Amino acid sequence: MARKRAASAAKPEPVASALSHRSRYKANRAAKSERNALRSDNRARTALVLGGGAPNMALMAGAVAAFADRGIVFDVVSTSGAGSLAGLLWLAPKGQAPAEALRSVVTMSISDAIYRLFPVNYKVFQKPGTWADLWRSALAANPYFAARPRDYEQSAPYALWADWMALWAASLSPSGVTWSSWGLCAPTPFIEHLIDFDRIRHVAPHFYLNAYNVTDHQIDDFTKDEITPDHFRAALAFPFIYGPYELNGKLYYEGAVVDCLNFKDLVERHRRLETIVVLDVLGSDTLIRPPRDIYDSWMLSMIIPLVETAEDDIELFAVKYNNGWRRNRGAKADLFKVDFNIPEQHRAEVLDWSASNATRLFDIGYESGLSFSKAHADKLT
């Protein structure tokens, strides 16, 4: 499917002030609440919320894999940012079983031997432009460059070789970045190889993917009946990394930059939820720390502003909209946040894209999901 590039989009007219932005957002939010009320569903009882957070997304993938292995299903799955990838790898993987697809997030990382010298994930963040697209297409047609996920996980020498070849290919790739570009990277050019977008509309639960509509100043929730690769790219358009993404004449940023967990739309559309489970890898103060170097400082500059936003989102929802955390204490729904217990000696590495970190985070996520599902089996299907 042809991809629309934000760089070719007409730039929107500037608005009068930040206040007019905020006023318009509030007005659109009120109108959206009215629309949600008209099409609300009263049958759903359980919901899974997958928040943003790309480098440590393996935590969510591991927890979801544990849910899948225990046969747990949810009536609603609501996602933001990188959480959408974990959700779709679970519900609509391409050519793989869900558990295998979720585990494959480890192969999106970089072999430690390379990452120690060049701490950049050139497999996820790829060069943009028409010539870069042609270069990737040529490489994809060459079986010599096709990595084998199982061998990558089980053999460190193979992983090193595969990532070395990927580094060579990324280095030689042409780039379309110019001074007028809106972002550094091509918007997730690999996603069609991981997700079967034709299957999404047929998955059992209600599925939502949120994105911030820059043009209309509102959060848009894409449903399973409409999600395409373009909707996915719009929902992961993190500023500076990708730039705003054009979809149907509108410009979008990742929904997590405005609303990390998207609770309000969830409970407005599904008014009789009894259990809400949250996988949030951003709302943790352990991510606020001194940097190790200049590159780590740049990574933290993107993540730290989202930490308090995510923490505030869940606290505000619990107090303002859910009347607390537990139904037996007057809350509308039982609200659970899965805890990920990361050893202190590894907390500085949580945002690394190294293979060892991804493997460790997946395993921690899996054990956390397993423990949670056993402890709260009576609340889960």
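Everything discussed here concerns the structure shown above.
Attention here is on the structure that accompanies the text. All values derive from a computational prediction rather than experimental measurement. Starting from 1, residues in each chain are numbered consecutively following that chain's sequence as written. For this predicted model, a pLDDT threshold of at least 70 governs which residues receive local features, and a threshold of 80 or more governs which side-chain atom pairs are given and counted, while totals over whole chains, interfaces and linings are taken from all residues. Computation of side-chain values covers all heavy atoms of the structure but excludes hydrogens and water.

Details of the packing of aromatic side chains
- Centres within 6.5 Å make a pair out of two Phe, Tyr or Trp rings, where for Trp the six-membered ring is used; the pair is then stacked when the planes are under 30 degrees apart, edge-to-face when over 60, and tilted otherwise. Considering all chains together, one arrives at 14 aromatic pairs under this definition.
- Centroid distance tryptophan 135 to tryptophan 168: 6.4 Å. Interplanar angle 45°. Geometry classified as tilted. Here the residue tryptophan 135 occupies a position in helix α6 (residues 130-140), and tryptophan 168 occupies one in helix α8 (residues 156-172), the gap between them amounting to 33 residues.
- For every residue, the accessible area (1.4 Å probe, protein chains only) is compared with the maximum for its type, and the residue is labelled buried under 20%, exposed over 50%, or partly exposed between those bounds. Taking relative accessible area as the criterion, tryptophan 168 reaches 41% and is therefore assigned partly exposed.
- Clustering of aromatic rings is evident, with ring pairs tying together Phe67, Phe74, Trp90, Phe336 and Phe372. Segments assigned H or I by DSSP are reported as helices when at least four residues long, segments assigned E as strands when at least two residues long, and all are numbered from the N terminus.

Brief notes about the pattern of salt bridges
- Salt bridge, as applied in this entry: a Lys or Arg side-chain nitrogen positioned within 4 Å of an Asp or Glu carboxyl oxygen. On inspection of all chains with the given rule, the structure shows 18 salt bridges.
- With a shortest N-O distance of 3.4 Å, aspartate 41 and arginine 43 are connected by a salt bridge.
- Arginine 327 serves as the salt-bridge partner of glutamate 274, at 3.8 Å between the closest nitrogen and oxygen. Here the residue glutamate 274 occupies a position in the loop between α10 (263-269) and β7 (275-279), and arginine 327 occupies one in the loop between α11 (294-321) and β8 (334-337), the gap between them amounting to 53 residues.
- We classify arginine 327 as partly exposed; its relative accessible area is 40%.

Comments concerning unusual backbone geometry
- One non-glycine residue, threonine 188, lies in positive phi territory at about 30°.
- As for its placement among the helices and strands, threonine 188 is situated in the loop between α8 and β3 (206-213).
- Taking the relative accessible area as the measure of exposure, threonine 188 reaches 4% and is therefore buried.
- The phi dihedral of asparagine 262 falls on the positive side, at around 55°, and the residue is not glycine.
- Note on placement: asparagine 262 falls in the loop between β6 (250-254) and α10.
- What makes asparagine 262 buried here is its relative accessible area of 1%.

Brief notes about the environment of alanine 140
- Checked against the element boundaries, alanine 140 lands in helix α6.
- Taking the relative accessible area as the measure of exposure, alanine 140 reaches 57% and is therefore exposed.
- Along the chain, alanine 140 and histidine 206 lie 66 residues apart, while their C-alpha atoms are 33 Å from each other.

What to know about the environment of glutamate 367
- Counting through the fold element by element, glutamate 367 comes out in helix α12 (residues 355-375).
- Its relative accessible area of 47% is what places glutamate 367 among the partly exposed residues.
- Placed 302 residues apart in sequence, glutamate 367 and alanine 65 show a C-alpha to C-alpha distance of 9.8 Å.

Considerations on α8
- Multiplying 1.5 Å by the residue count of a helix minus one yields the expected span of that helix. The end-to-end C-alpha separation of α8 is 24 Å, in line with the 24 Å expected for 17 residues at 1.5 Å each.
- Those residues of α8 not exposed but buried are Tyr158, Ala159, Ala162, Asp163, Met165, Leu167 and Ala169.
- Contact partners of the buried residues in α8: α5 (112-115), α6 and α7 (149-154). We call two residues in contact when some of their heavy atoms are within 4.5 Å.

Concerning the packing of helix α2 (residues 57-69) against helix α3 (residues 83-91)
- All axes are obtained by fitting lines to C-alpha atoms, using only the stretch in contact for helices, and the reported angles, taken between N-to-C directions, cover 0 to 180 degrees. Contact geometry for α2 and α3: axes closest at 9 Å, N-to-C directions at 30°. The orientation of α2 with respect to α3, classified from their angle, is roughly parallel. α2 and α3 meet at a crossing whose hand is right-handed. Across from Met57, Met60, Ala61, Val64 and Ala68 in α2, the residues of α3 making contact are Gly83, Leu85, Ala86 and Trp90.
- Here the residues of the contact of α2 with α3 sort into eight nonpolar, one polar and no charged. Oblique is the label for every angle not falling under 35 degrees (roughly parallel), over 145 degrees (roughly antiparallel), or within 65 to 115 degrees (roughly perpendicular). By definition, any crossing whose near helix is turned counterclockwise from its far helix by less than a right angle is left-handed, and any crossing with a clockwise turn is right-handed. Just so you know the grouping, Ala, Val, Leu, Ile, Met, Phe, Trp, Tyr, Cys and Pro go in nonpolar, Asp, Glu, Lys and Arg go in charged, and all remaining residues, Gly too, go in polar.

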